[in-house]
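# A closer look at the structure
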Amino acid sequence: MQRIILLIKILAVAGIICTTGLSKAQESSVTFNKDIRSLLSNKCFTCHGPDTNKREAGLRLDVRDAAVARLDSGQHAITPGNIATSELWVRITSDDEFTRMPPAEHGDALTESEKELLKQWILSGAEYQTHWSFVTPTRPSLPAVQRSNWPENAIDYFVLAGLEKNELTPTSRAKKETLVRRLAFDLTGLPPTLDEIDDFLADEAPDAYQRLVESYLADPSYGENLASSWLDLARYADTNGYQYDTERQHWVWRDWVINAYNQNKPFDEFTIEQIAGDLLPNATPQQVLATGFNRNHGITIEGGVIGEEYRTEYVMDRLITTSSVWMGLTVGCARCHDHKYDPISQKEFYQLYAFFNLVPERGQSGFQPQMQVTSPLAETRLASLAGRINDLEAALPAARKDLSGLEKWAQTIKKNGSTWRIQTPVSAKSSGGTTITPQDDHSLLVSGVNPQKDIYTIESETRQTAITAIRLECLTHPSLPGGGPGRHTNSNFVLTGIELKATSTADPSQSHVVKFSEARADYNQANWHVSAALDPNKATGWAVDGPTRKEPATAIFITEKPFGFEGGTKLSLTLRHEASFGTHGIGRPRISITTSPTRAIAFKGLDAAIVDAATIPATQRTAEQAKLLADYYTSNYGPAKSIETEIVRLRQLQSQGFPPTMIMKDQPGIRKTHILNRGQYNEPTTEVSTGTPGALPPMPGESENSRLGFARWLTSSGHPLTARVTVNRYWQTFFGNGLVKTSEDFGNQGELPSHPELLDYLAVELQQSDWDIKHLHRLIVTSATYQQSSSVGRSKYLRDPENRLLARGPRMRLTAEQVRDNALAVSGLLLNTVGGPSVYPYQPKGIWLELNNRPGYSKAYPQGTGEQLYRRSLYTFWKRTVPSPMMKTLDAPERELCTLKRSLTNTPLQSLLLLNGIQFVEAARQMATQVLAQPLDSDQQRMEFAFRLTTGRSPDELESNILLDALRQQNETFKNDSEAINNLLSVGDYPVDTTLNQTQLASWTAFCRILLNLDETITKG
Amino acid sequence: MNNPIEHSYMLTNRRQFFGRASTGIGVAALASMLHADEPKGNSKALPGLPHFAPKAKRVIYLLQSGAPSQVDLFDYKPSLEKLHLQELPAEIRSGQRLTGMTAGQAKFPLVKSPFKFQQHGESGMWLSELLPHLGGVADDLCLINSMHTEAINHDPAITFFQSGHQQPGRPSLGSWLSYGLGSETDNLPSFVVMLTRNSFNQAQPIYDRLWGSGFLPSQFQGVKLRSQGDPVLYLNDPAKLDARTRRNLLDSISKLNAKREQEVGDPEINTRIAQYEMAYRMQMSVPELANIKDEPESTFNLYGESAKDPGSHAYNCLMARRMAERGVRFIQVFHRGWDHHSNCEGNLPTLTKQTDQGSAALIADLKQRDMLKDTLVIWGGEFGRTVFAQGNPARFGRDHHPRCFSIWMAGGGIQGGLTYGKTDNYCYNVAENDVHVHDFHATILHLMGIDHERLTHRFQGRDYRLTDVHGNVVDGILA
């Protein structure tokens, strides 16, 4: 190893004095790492590689000593310097299909040029080299370049040397407005504001760009943007995956990641805390929280599973994820047998596995261990919550007086719809002596003793006649067990019977029992359908899955025939809880009646008095009715309503503690680790203890023999992979491809780096800067390489479609998160607060339930309201089995496993999403609202303003003409078409600005839809 | 963009909209379009594929999630008459691992099927009385009674069937086919998934990964055709703009994109223009596809009245045929509700009533249109069910059983009227001609003209394939 390092040093030094001509000559000689390794790996290692169990003819070609040794057959596979006596040469050139290698069934034969390479290599002595990525990187010297005034920093010397070797020249610096937009997306994930662009354009100081870089690096959005891609690696999700994919609360860990990036936590600490923070001496709660990284894997709750099978999978997942993320190694290949290509034996795999195998956890529902830790963002978050509540409260009085939408709303009320009159109980009794307390909303809260069986009798009065149904709402209350609807400790109730007696208030001698023909409920527990409450059988009844579902439930009982006495009726309702399950009373019932026609009856419905008031002209309403209507409107529909809802939600967030987060923990001695035959959980063989692969530097002598020692080993200075892999992946986020294109594989089968010295330079730079990530990012974005224009015309583009030589700046579509965040930002909708629980933005109806509608294990997507719809996409609730279609359509992975590189596709479904997704249509409307709110004089100016919002630049003449044409077209479309206007403007929850001319707003909305769909808008160019 | 008619239509269309522009961009942009590279995403097969002439051009896979009982539907076992209620011999079980649901059971009494079996067609295929319609097409079916798998629980088992691997992360069968063979249509996705509306309250959930693309580029994932809301997500304009206005918007977008491409030179921009065009075409082709009003009454006589009900199994079978006609390559219907851990006798007839007529009608319909010969139809679940009772034998259920189960295939390259493979007298182990899930996959690929060992994708240094390092084509069922 020492010798090889020395050799690389000499070569590096030589590199400086080499002229271009010399390096070309050098290049023509065949070397193992450059020419031979991948060839042998691809064509030969499957049968003649590291895997001892699959080795044919006793021959292994991945190690020189073995390859040149005498074989059992007496021959030598390779005789250095002599092809005639090299059996390898004889075999690959044989005409006989039975002796020719590789055998036909193992894929394609070698090409002539491949044979020639092997020939040259054997003739020149068949020297082997250690696989490049297993050699500790050293800092290479900067290569000599001709165009010496171009480089801005070290990166550029390496890139330029490559370009000059290929007789290419760099592209000129991108325009300032292009640069600021590229930089803003790369560092913050958001577009620059117009002010930022203007300031930068006006700033002619030489360090203007540097200052811009610093301001983005310091922006809290920076941490969010970086966290966003870290979550793919960490397979972060808000659900447990596998079959039922139930919810988990793990977002406090996500807050940790955001905060770590914003605090610029050195990457070695970032690594050690996430892998083994729990094992650090005197570990702080935050360090333990960090280990949530390796609890992000899926966890099954499927009934029939064998626990150990799944616990094994979790440990595998941790090891495979950790090795991929930090080492770029596919260690998972050695789960069942020695690695086919890389020097990792099956035994070594299980030695690594042993580091992760001491967690006191179960396979089925293995959600422990957990720990309740405060989010590191709590303080800023609480301050921002308080600020927002203040603002909203200040706006409330005015909003409460705003009745401008009342008549329009009143017109939408239909006389024959479903309406309900909530009954005010006159009395309520319990057979078992429980306490029944009337509430302001006319519900009855049950408390006190909780008898085995209980019968409630609730009396109320009404003047209605022709009553067609009664409704029983079983509401929840914080004082009830688990905050659910029932009184049992598991939150359930069982209603075994219901009876109703009607008595005339005018003539109490007139009285009869009301018979029900039908019962239905908005939720029924399996085998406990509400219809069972109508039969006399006490063993059957209505229940609502209280243990898993802490939500209200509503039942409707339809009468055989309408009832109600002229002059008033006294209703006496009996609710029976007489099941063999004791203490299963309803916790907070509320009774309503209706006179709606049977066919119109729905679970929800307006209060009938409101309907009465709304459906007569305003001038004919009594003062009482007007007040009733105004009160109802302001508290349910008007602008005050959304503010109030939001305040309630924010207050909840304020008072909410932090949910416990799953963490790592070691319980030494809990179990032993064995090699698993074929990787099967139930086939343990030899016992092994912890250890790292022999092909990598050993763990430092003093290290702990634990996960902590493993984590420290990863970030030790001699480790050849961690820094390279890390640098490479960040490079990938800026340029689309890493310097090693296979960022997920640094092994024998991976691609060689396009700029090996640059990769090593950056890797060493990262280590020697004390793993300063912002420093690395600063270095990249201030390079001349990064600042090149990406607009080069077709022929140059096609010469290097993937831009591996870096003769132009990066250009690629924004990530899923960035596409959506961009639309929110340019429309002014984005609520940019950092951290907190996941939210539920727009999603087409039914997507969750159509895949899973199993009672107790499923629910409908709980789409959010208000500002929840407008948070950055990294906070979008991530359900592994059904990820948000907005994210999924734009290439986000499912996050069932660690994803090292997303696809970047271009599909019609993406076009449909951007054209028709409510989020995007609404964003277009709000963008138009912003445009029209500007103090601008002409459509030309407005058009330019809007175009700049989405592209960051001004349109040229041709573009202006196309855009103005489009605007005229849209004006024509919406002129005199109030239906079309209404259809367009009513998309989305955000209130329409009714002070604007609606025709104009619609035309501009359509116009902004065009802009939001431009390739340029969704591309970092 | 394989279809020349479509191609010329697009060009005319472009000519129109570029021509209309008052800006002078028209000619230049058109020139750029003509020389543009073909779109990357939609249509092309991998070089060298198919490997040989395919027998089937497309696949319709009616996946019965939850696992239907082979004992009660397909695998006729008169031997169980005598064995009824006897204990399953330990040597037959021979250490087979049990799920957590029956592992604690003290006894494993065998229960015969309460349903009668009878022979159908010239081939005399034995089928349960619960499948009267299927009996009518028995001579087109190849019934495989010797399937077996490795997984014993739903999630890993169905993931195995869909992707060749029990744990998440691999590409699905449909995405492999799209990736390898490309698309036959530019108006519809090449891999479409439909879900039957579920009414069984113990049904197993399903998940996006079952039609996911794993490590293949995500454009190859299945597209859900839904029976509620937009048939394809985001297909319809929520603002309900008319077609002309939408076309105008699209034209403006394309003009600006084309103009941009001229300066930047990134071919991805041309691809984007083409994808917006395809999106526009889908806004017409998908509603046309879903509009079953153009079907004659005879169609509904064949598939049953429920075929008029979107989201029913019969409706999805009918839609599958309509998609097959329109060039969709891989069509998968998921029907749930077969997981009968109790009361098989009560539950099975409900499920067969939902599925039998539509499934059989699909075969007959394809045949009368002369499409069965190059359409492969598959019907089956993710494993079988135990011959012994779960719970009380009087109201017996059946637990998961991986050792033997039945599926059927029909059409494209498959021998009709064939009952393939045998199980032992207990219906517990395969006795003859076993077919593993990997073999099943190898055979499907073979029928589509693909050597399963040569359709690979390199990911993390390894050339992955659907069949991992296993799988043999089941020659015995080929026509």
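Scoring rules and cut-offs
Residues numbered from 1 in each chain as written. Chains lettered and ligands numbered in written order. Predicted model: local features only at pLDDT ≥ 70, side-chain atom pairs only at ≥ 80, totals over all residues. Axes fitted to C-alpha atoms, helices over the stretch in contact; angles between N-to-C directions. Helix = DSSP H or I, 4+ residues; strand = E, 2+ residues; numbered from the N terminus. Parallel < 35°, antiparallel > 145°, perpendicular 65-115°, else oblique. Left-handed = near helix turned anticlockwise from the far one by under 90°. Contact = placed C-beta atoms within 7 Å. Nonpolar A, V, L, I, M, F, W, Y, C, P; charged D, E, K, R; others polar. Core = buried A, V, L, I, M, F, W, Y, C linked by C-beta atoms within 7 Å. Buried ≥ 20, exposed ≤ 12 C-beta atoms within 10 Å, placed from the backbone. Domains from an automatic or database assignment. Pairing = 2+ DSSP bridges.

### Observations concerning the packing of helix H9 (residues 176-188) of chain A against helix H11 (residues 208-217) of chain A
Residues and elements named next belong to chain A. Between H9 and H11, the least distance of the axes is 9 Å, while the angle of their chain directions is 30°. Looking at the two axes, H9 sits roughly parallel to H11. At the point where H9 passes H11, the crossing takes the right-handed sense. Taking contact as the criterion, the partners of Val 180, Leu 183, Ala 184, Leu 187 and Thr 188 in H9 are, on H11, Leu 212, Val 213, Tyr 216 and Leu 217. Across the contact of H9 with H11, the residue classes break down as eight nonpolar, one polar and no charged.

### Quick notes on the nonpolar core
Grouped together as the largest cluster of nonpolar side chains are 302 residues, with contacts concentrated most on Cys 142 and Met 409 of chain B. Here the element with the most residues in this core is helix H10 (residues 267-290) of chain B; it accounts for 10 residues. Each of two domains, domain 2 (249-375 + 659-719) and domain 5 (916-1020) of chain A, supplies a minimum of three residues to this core. Setting aside chain neighbours within four positions, we find Cys 142 of chain B in contact with Trp 408, Met 409, Ala 410, Ile 414, Gln 415, Gly 416, Leu 418, Tyr 420 and Ile 477 of chain B. Listed in part, the 38 residues of the second largest apolar core include Leu 444, Val 446, Ile 458 and Ile 470 of chain A.

### A few points about the sheet that holds strand S9 (residues 511-514) of chain A
Residues and elements named next belong to chain A. Across the sheet, five strands lie side by side as S3-S6-S12-S8-S9; this open sheet has antiparallel pairing. Looking at the sheet topology across the chains shown, the edges are occupied by strand S3 (425-430) and S9. Averaged over all adjacent pairs, the angle separating strand axes in this sheet is 15°, with direction ignored. Strand direction decides the pairing type here: S3 and strand S6 (residues 454-462), joined by five bridges, are antiparallel. Residue pairing in the sheet places Lys 429 in a bridge with Thr 457 of S6.

### Quick notes on the interface of chain A and chain B
Taken together, the contact between chain A and chain B spans 81 residues of the former and 73 residues of the latter. Of all the elements in the fold, those that place two or more residues in the side of chain A that touches chain B are helix H28 (794-799), helix H31 (908-916), helix H32 (918-933), helix H34 (957-974), helix H35 (978-985) and helix H36 (998-1012) of chain A. Residue classes in the side of chain A that touches chain B are distributed as 32 nonpolar, 30 polar and 19 charged.

Keep in mind these numbers describe shape, not what the thing actually does.
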